[in-house]
Structures are given as C-alpha cells and as structure tokens.
Amino acid sequence: MHRPCSATLLTILPFVLPAAGCFLVPGRCLPRTAGSPSFPVVPQLHRSRDLPLEAIVKESFAQSKMAIFNNAAQAWNHSFYWQSLKPNGGGEPPATLRDKMIDAFGSVAECKKALAEAAVGQFGSGWAWLVAEGGRLKVIRTPNAETPLTGPAKPLLTIDVWEHAYYLDYQNRRADYVQAVLDKLINWEFALQNLG
Ligand SMILES: [Fe+2]
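Here's a quick rundown of the structure. (Residues numbered from 1 in each chain as written. Predicted model: local features only at pLDDT ≥ 70, side-chain atom pairs only at ≥ 80, totals over all residues. Heavy atoms only, no water.)

Our next topic: the overall build of the chain. Counting its regular elements, the chain contains 9 helices and 3 strands. Each helix and strand of the chain, placed in order from N terminus to C terminus, yields the pattern α-α-α-α-α-α-β-β-β-α-α-α. The proportion of buried residues among the 196 residues of the chain is 47%. Partitioning the contacts of the chain with sequence separation of at least 6, the portion at a separation of at least 24 is 67%. When the accessible area of the chain is evaluated, it comes to approximately 9,000 Å², of which 56% is carbon and sulfur surface. (Helix = DSSP H or I, 4+ residues; strand = E, 2+ residues; numbered from the N terminus. Buried < 20%, exposed > 50% of the residue type's maximum accessible area, 1.4 Å probe, protein only. Contact = heavy atoms within 4.5 Å. Areas by Shrake-Rupley, 256 points an atom, 1.4 Å probe, with all protein chains shown as cover.)

Further remarks concern the coordination of the iron ion. Coordination of the iron ion by the protein is provided by His78 (NE2), Asp160 (OD) and His164 (NE2), with metal-donor distances spanning 1.9 to 2.1 Å. Expressed as a motif, the donor residue spacing for the iron ion is H-x81-D-x3-H. In this pair, histidine 78 sits in helix α4 (residues 66-83) while aspartate 160 sits in strand β3 (residues 154-160), placing the two residues 82 residues apart along the sequence. An identical accessibility class is assigned to histidine 78 and aspartate 160; each is buried. (Donors = N, O, S within 2.8 Å, 3.2 Å for Na, K, Ca; no water.)

Here we come to the packing of helix α5 (residues 95-105) against helix α9 (residues 188-195). The description of two helices packed together rests on the angle between their axes and the distance between the axes. As a packed pair, α5 and α9 sit with axes 9 Å apart at the nearest point and diverge in direction by 80°. Relative to α9, the element α5 lies roughly perpendicular. From α5, Thr96, Leu97, Lys100 and Met101 reach across to α9, where they touch Trp188, Ala191, Leu192 and Leu195. The residue inventory of the contact of α5 with α9, partitioned by class, reads 6 nonpolar, 1 polar and 1 charged. (Axes fitted to C-alpha atoms, helices over the stretch in contact; angles between N-to-C directions. Parallel < 35°, antiparallel > 145°, perpendicular 65-115°, else oblique. Nonpolar A, V, L, I, M, F, W, Y, C, P; charged D, E, K, R; others polar.)

Let's shift gears to the sheet that holds strand β2 (residues 136-143). If you walk across this open sheet you meet the 3 strands as β2-β1-β3, and the pairing is antiparallel. Every other strand in the sheet has two partners, leaving β2 and β3 as the edge strands with one partner each. Across this sheet, the average inter-strand angle for adjacent strands is 25°, counted without regard to direction. Two elements, strand β1 (residues 126-133) and β2, share 8 bridges in a ladder whose sense is antiparallel. Residue tryptophan 127 lies in a different strand from β2, and its bridge partner there is threonine 142. On top of the sheet, helix α6 (residues 108-121) reaches β1, β2 and β3; it is set at about 15° to β2, its chief contact. (Pairing = 2+ DSSP bridges.)

On to the packing of α5 against α6. For the pair α5 and α6, interaxial distance at closest approach is 8 Å and the crossing angle is 75°. For the element pair α5 / α6, the angle class is roughly perpendicular. Contact residues: α5 offers Arg98, Met101 and Phe105, while α6 offers Val108, Glu110, Cys111 and Ala114. Among the residues making up the contact of α5 with α6, the classes are represented as 5 nonpolar, no polar and 2 charged.

It is worth spelling out the nonpolar core at this point. Ranked by size, the top nonpolar core spans 48 residues in total, and within it Leu130 and Tyr177 carry the most contacts. Of all the elements in the fold, those that place two or more residues in this core are α3 (53-62), α4, α5, α6, β1, β3, α8 (174-185) and α9. By residue number, the principal contributor to this core is α4, which donates 8 residues. (Core = buried A, V, L, I, M, F, W, Y, C linked by side-chain atoms within 4.5 Å.)

This part is about the environment of glutamate 189. With respect to the secondary-structure elements, glutamate 189 resides in helix α9. For the pair glutamate 189 and glycine 90, spaced 99 residues apart in sequence, the C-alpha to C-alpha distance is 10.0 Å. Not counting residues up to four positions away in its chain, the partners in contact with glutamate 189 are Lys86 and Pro94.

Rendered as structure tokens:
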C-alpha cells in the first residue's frame, strides 16, 4: 500500500512535537529533528518515484545507492520514531507485549534496560530498536541511517540517538535522555500494533 511518508509526517508532527517534546522539559521541545536536512528530501523522493518510502529504502540499500538510502531511511526512521512516542507514555506495556518481554528478557525492566544499553552504547549517531524476529523480541542498534527495514527483523519501536535528538535539552547526557524517553514518552501500544 502506498502511504506517502511526507503526509504521515505532516499528520504526526503537530501532534507529537508540542505535546510529547515539551513534556520532558517544560517550555522546551525534545525532538528537534523535523528541521534536519533529511526532511526536505521526502517530497522530492515522492515526486520522482511512485513508490512507497519503505520500498525506496529497501531498493536503494540493495543497490548501494547510499545518498538516496540515507535520506529515505532517515525520513522513515524519524516517522517511525515520532510514532514510537506519545504524551504521557512509558508505564506498563499492554499484556501481550509484556508477556513477550518477559519471554525474551525476563522482565519489562530488563527489556527497558536492554533498550537503554543499546541506545547509550551506540557509538556516534544511530538508533536503538525493539524488534521481533521469528516471533521473539530482540533489542538491536543501528548506526547512522541504517534501519531494520533492510533486514529480517520487524521493527516495533525506536529511539533516536543522533545527538540532535537530545543535545539542546540534555547536552551530552544521552543516558538521561534515553531514560526519560523510556519512562515518560515511549509508546508501547505502537510496538504492540507493529507486532501484529
Ligand atoms: Fe533524529
């Protein structure tokens, strides 16, 4: 199904940014990447190619067209990130997701700890992901624009750990940003929805 990511972003950004971003640090906004160089490229990608963004990400990766891949993947990753957040997020995951977390990690707390470690441990820019592979939950991390879309795992949610996601509010304290996202913003229902 062709779901233009640019339209998705226009739908999601006004909802998530003021509500979720300012939730952590009153009067300031956490996710600032809407202004990053990735986003102006999205409409051009859609004007030039009548393909879903997901298909452009996979095709450009397979063909090693890295300039296209980097822009398309960053647009997709960010759209996915916005949906991974919600105002007053965090808390207990829905029962189905919680059971999967316990199966894979032993507890919800251990799953969150694995996500935090992946996010903090990613050297330089990248992403931490909760994914499902073979029906089992896993935590992975990807550098730069890389995304699970190009591999076998199904992405469930992500945390942006490019420095632009946190430096204005958290300076170099990536761990504090990640913990705040996990405790106050993460959208477990979105992860469950992606689990299918
Ligand atoms: Fe970002």
